[in-house]
Amino acid sequence: MILIAAAFLLAASVTAWAAQPEAVIDTAKPISPSQCAPCHVDLGSVKEPGIIFNHGNHLLVSCDACHARMPHRSGETEKVPMETCFACHGIQHGPQGELASAKCEDCHTKDFVLRPVSHVQDWKATPHADAANAGGVNRCMMCHSAPKDCDECHTKEGLDIGPMPDVYHPMVQPRDKGPSIQIYPDRPVSMSQCSYCHADLDKVDASRLIFNHGAHLARNYRCEACHEKFAHTETGTIKPTMLSCYRCHGTYHNGQGKIAEGVDCLLCHPKTFELMPPDHTMPFIKGTHGKRAGKDPAYCAMCHQSTFCVGCHRGEKTSPNAPGKPVIPANHRKPQWRSKHGGIFLDGKGACGSCHTDASCKRCHKTVMPHPVGWIKNHHPEPGITIEDCYVCHIDRNKCQNCHHKAVRQAELIASNCTPCHAEMKQKPATGIKHKGYAEHAVHFDVAKKKGKPYRCFECHVDFGTSQAARQVELQQGHDLRLCYQCHGALDPFNKLIAPYKGAALCRRCHSDLGV
């Protein structure tokens, strides 16, 4: 029964998860937590200067009791008017007494100026009377006590007005909610997600950035090309990083040239903008920047070209902060670096471009380095360049084999097909070839003398580079004799031996020192 119950609960939870509705913000619907949660997971204390407020103290009050409509519109956030607060604060509710405190200091900080900006210096004269005639005196009673603040002065001035009402009557004016506009935060970013709240999409900090959405929309760029997800989250606003800009700016398309300008900083930043990031302190410049460069070379490459780094690292006094002596990484001093650096470069683990230019590579490599775009389509070594020049970087050649051998899938396993590329396979006897893979293939070159026809590659290799049987035991590091013994020591349907050397005899063909 316990297992059945557990299975039922699991199925119910999966069903509930699968049926979870898509997040949607509807600008005309009553305000509810679901309308706010996509952007505001923390609805606790507000950050409005001078205001002491916490949503947590109001959880038992319906959201639309204070927020009559969607507060964000046209780039502004509509604040809850004070009249709405006084629908509860300061109100006496029969035997329960005051619903909530109406003391100023309970909702406003000490530095907050309580006097409204409308209350000009001569407010006690004509201005307040005009305001009272226009809007009534009820709003005045939110802060003022009629006997003390109104009636006493009116009597002194000899005005025949009569006593003012001493109680504020809570009144919340209805507000037009506007059209129903659906915003889907979980969907790809589009103009419809932004335009309702942001009437001016180009309202950016002009002291930091020169940017215009129109220039990008004119090129028919989709919003999600820069905004990978809905910009407003519970932890803050997600802004496109400078690195995302460089996906186009300063990047070259192989056929169309430069996609967008990006070398001149002043194209996107004003002259007054401090271009040096705040983390570029003197310790960073003189030493610790190497860790950042090694971990995230793309970050450095946004501003710095390799020539910027090369001069300093070579010991040239290119700037006041340059040490004046060569800066050589510790791993470059190890003997094995020369043979291993190519693989590190191909794996993208080294920030080689920080110091090395094409000329650096050409001092040793005869091949064009790094390879230009489209190199793989026709990458035969140029005349006078041996295949060993490729092997400096391409240490693991399984990928090479899978491509190069694909064209010879139907080829016969004979010397004339293999030795033009693999000269080592010419050695006689083949069992003396040091390269295990070459030896295994070369010993079968003359199989046609007995078999009547040579083997073809596809008979053993399902995929080139590694046989199907060998893939199953690739960590074994030795021969997978299951494949070999399919022929060696086996009999055909006519009870004839397919190939000689069964059992240990096959091993002793090459390993004469087994002592068995």
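## So, the overall build of the protein chain
Moving on, step 1. What the protein chain contains, in helices and strands, is 22 helices and eight strands.
Moving on, step 2. By the burial criterion, 18% of the 516 residues in the protein chain qualify as buried.
Moving on, step 3. Only carbon and sulfur atoms are counted for the fraction: they give 60% of the accessible area of the protein chain, which is about 37700 Å².

## Focus on the packing of aromatic side chains
Moving on, step 1. Scanning the entire structure with this criterion turns up one aromatic pair.
Moving on, step 2. Lying across the ring of Tyr-184, Arg-187 places its NZ or CZ 3.8 Å from the centre.
Moving on, step 3. One cation-aromatic arrangement involves Arg-292 over Tyr-299; the distance from NZ or CZ to the ring centre is 3.6 Å.

## Observations regarding the side chain of Gln-35
Moving on, step 1. If you trace the backbone, Gln-35 turns up in helix 2 (residues 33–36).
Moving on, step 2. Polar contacts involving the side chain of Gln-35 include one to the main-chain carbonyl oxygen of Asp-26, which spans 2.6 Å.
Moving on, step 3. Residue contacts for Gln-35: discarding those within four places in its chain leaves Val-24, Ile-25, Asp-26, Lys-29 and Pro-30.

## Looking at the pattern of salt bridges
Moving on, step 1. Taken as a whole, this structure holds eleven salt bridges when the rule is applied.
Moving on, step 2. Glu-48 is the partner of Lys-79 in a salt bridge, and the nearest nitrogen-oxygen pair spans 2.8 Å. Taken together, the positions of Lys-79 in the loop between strand 3 (76–77) and helix 3 (82–85) and Glu-48 in the loop between helix 2 and strand 2 (72–73) put the pair 31 residues apart, joining distant regions of the chain.
Moving on, step 3. Judged by its relative accessible area of 35%, Glu-48 is partly exposed.
Moving on, step 4. Here the salt bridges do not stand alone but share partners, grouping Arg-69, Glu-78 and Arg-175 into one network.

## Structural notes on a nonpolar patch on the surface
Moving on, step 1. On the surface, Val-46, Ile-51, Phe-112 and Leu-114 cluster together to form a nonpolar patch covering roughly 290 Å² of accessible area.
Moving on, step 2. Residue placement: Val-46 occurs in the loop between helix 2 and strand 2.

## Examining the nonpolar core
Moving on, step 1. Listed in full, the eleven residues of the largest apolar core are Leu-413, Cys-418, Met-425, Ala-430, Ile-433, Tyr-438, Ala-439, Ala-442, Phe-445, Val-447 and Tyr-455.
Moving on, step 2. Sorting elements by how many residues they give to this core places helix 18 (residues 436–442) first, with three residues.
Moving on, step 3. Excluding residues that lie within four positions of it along the chain, Ala-439 makes contacts with Ala-430 and Ile-433.

## Quick look at unusual backbone geometry
Moving on, step 1. Here Lys-428 and Pro-429 are connected by a cis peptide whose omega angle stands at -10 degrees.
Moving on, step 2. Its place among the elements puts Pro-429 in the loop between helix 17 (415–418) and helix 18.
Moving on, step 3. Backbone geometry places Asn-220, a non-glycine residue, at a positive phi of 65 degrees.
Moving on, step 4. As for its position among the elements, Asn-220 is in the loop between helix 8 (213–217) and strand 5 (232–233).
Moving on, step 5. Of note in the backbone geometry, Asn-495 takes a positive phi value of approximately 65 degrees without being a glycine.
Moving on, step 6. In this structure, Asn-495 sits in the loop between helix 21 (481–484) and helix 22 (504–508).

## Thoughts on the confidence of the model for the protein chain
Moving on, step 1. The predicted model of the protein chain has a mean per-residue pLDDT of 81, with 90% of residues at 70 or higher.
Moving on, step 2. Across the protein chain, the secondary-structure element scoring lowest on mean pLDDT is helix 1 (residues 2–18), at 42, and the one scoring highest is helix 4 (residues 104–107), at 92.
Moving on, step 3. Per-residue pLDDT stays below 50 along residues 1–19; that stretch engages in zero contacts with residues further than four places along the chain or on separate chains.
Moving on, step 4. Contacts from residues 465–477, a stretch scored under 50 in pLDDT, to residues over four places away or in other chains number 19 contacts.

## Let's talk about the side chain of Asn-138
Moving on, step 1. Mapping Asn-138 onto the fold places it in the loop between helix 5 (126–135) and helix 6 (146–156).
Moving on, step 2. Polar contacts involving the side chain of Asn-138 include one to the main-chain carbonyl oxygen of His-169, which spans 2.8 Å.

## Overview of the state of the cysteines
Moving on, step 1. Counted under the stated rule, the structure contains zero disulfides.
Moving on, step 2. Of the cysteine sulfurs around Cys-66, a residue in no disulfide, the closest is that of Cys-85, at 6.7 Å.
Moving on, step 3. What makes Cys-66 partly exposed here is its relative accessible area of 31%.

## Section: the environment of Ser-34
Moving on, step 1. One can find Ser-34 in helix 2.
Moving on, step 2. With eleven residues separating them in the primary sequence, Ser-34 and Ala-23 have C-alpha atoms 7.7 Å apart.
Moving on, step 3. Looking at Ser-34, its side chain comes within polar contact range of the side chain of Ser-32, at 2.9 Å.

## Some thoughts on helix 6
Moving on, step 1. Of all the residues in helix 6, the buried ones are Ala-146, Cys-150, Asp-151 and His-154. Seen end-on, helix 6 carries its buried residues on one side only, within an arc spanning 80 degrees. Away from the buried face of helix 6 by more than 90 degrees, exposed residues Lys-148, Glu-152 and Lys-156 are located.
Moving on, step 2. Looking at the buried positions of helix 6, the neighbouring elements they touch are helix 5.
Moving on, step 3. Once helix 6 finishes, Gly-158 follows within two positions and takes phi at roughly 75 degrees, a positive value.

## Some remarks on helix 13 (residues 337–346)
Moving on, step 1. Considered for burial, the residues of helix 13 that qualify are Trp-337, Gly-342 and Gly-343.
Moving on, step 2. Looking one or two residues past helix 13, Gly-348 carries a phi angle of roughly 70 degrees, positive in sign.

Reading the values: the criteria
Within each chain, residue numbers correspond to sequence positions counted from 1 in written order. Per-residue local features of the predicted model are confined to residues with pLDDT of at least 70, and side-chain atom pairs are confined, for both listing and counting, to 80 or more; whole-chain, interface and lining totals are unaffected and use all residues. Only heavy atoms go into the side-chain values, all of them from the structure, while hydrogens and water stay out. Helix and strand labels come from DSSP, where a helix needs a run of H or I of at least four residues and a strand needs a run of E of at least two; each type is numbered from the N terminus. Classification of residues uses two cut-offs on accessible area relative to the type maximum, computed with a 1.4 Å probe and protein chains only: under 20% is buried, over 50% is exposed, and between them is partly exposed. Note on areas: Shrake-Rupley with a 1.4 Å probe; residue coverage comes only from the protein chains shown. Ring pairs are drawn from Phe, Tyr and Trp, using the six-membered ring of Trp, whenever the two centres fall within 6.5 Å, and their geometry is named by plane angle: stacked under 30 degrees, edge-to-face over 60, tilted for the rest. Here, over-ring charges are defined by two tests on the NZ atom of lysine or the CZ atom of arginine: distance to the ring centre within 6 Å, and angle to the ring normal within 35 degrees. In protein, a polar contact requires one atom able to donate a hydrogen and another able to accept it; more generally it is a pair of N or O atoms within 3.5 Å, and residues adjacent in sequence count only if both atoms are side-chain atoms. Working rule for contacts: check all heavy atoms of both residues, and any pair within 4.5 Å makes them a contact. Counted as salt bridges are all cases of a side-chain nitrogen of Lys or Arg within 4 Å of a carboxyl oxygen of Asp or Glu. For patches, a residue must show more than 30% relative accessible area and have no salt bridge; joins then use 9 Å for like charges and 5 Å for nonpolar side chains, namely Val, Leu, Ile, Met, Phe, Trp and Tyr. What is meant by a nonpolar core is a set of buried Ala, Val, Leu, Ile, Met, Phe, Trp, Tyr and Cys residues, joined one to another through side-chain atoms within 4.5 Å. As a per-residue measure, pLDDT tells how confident the predictor is, with possible values from 0 to 100. Pairs of cysteine sulfur atoms within 2.5 Å are identified as disulfides in what follows. Here the arc refers to the set of directions running from the helix axis out to each C-beta atom.

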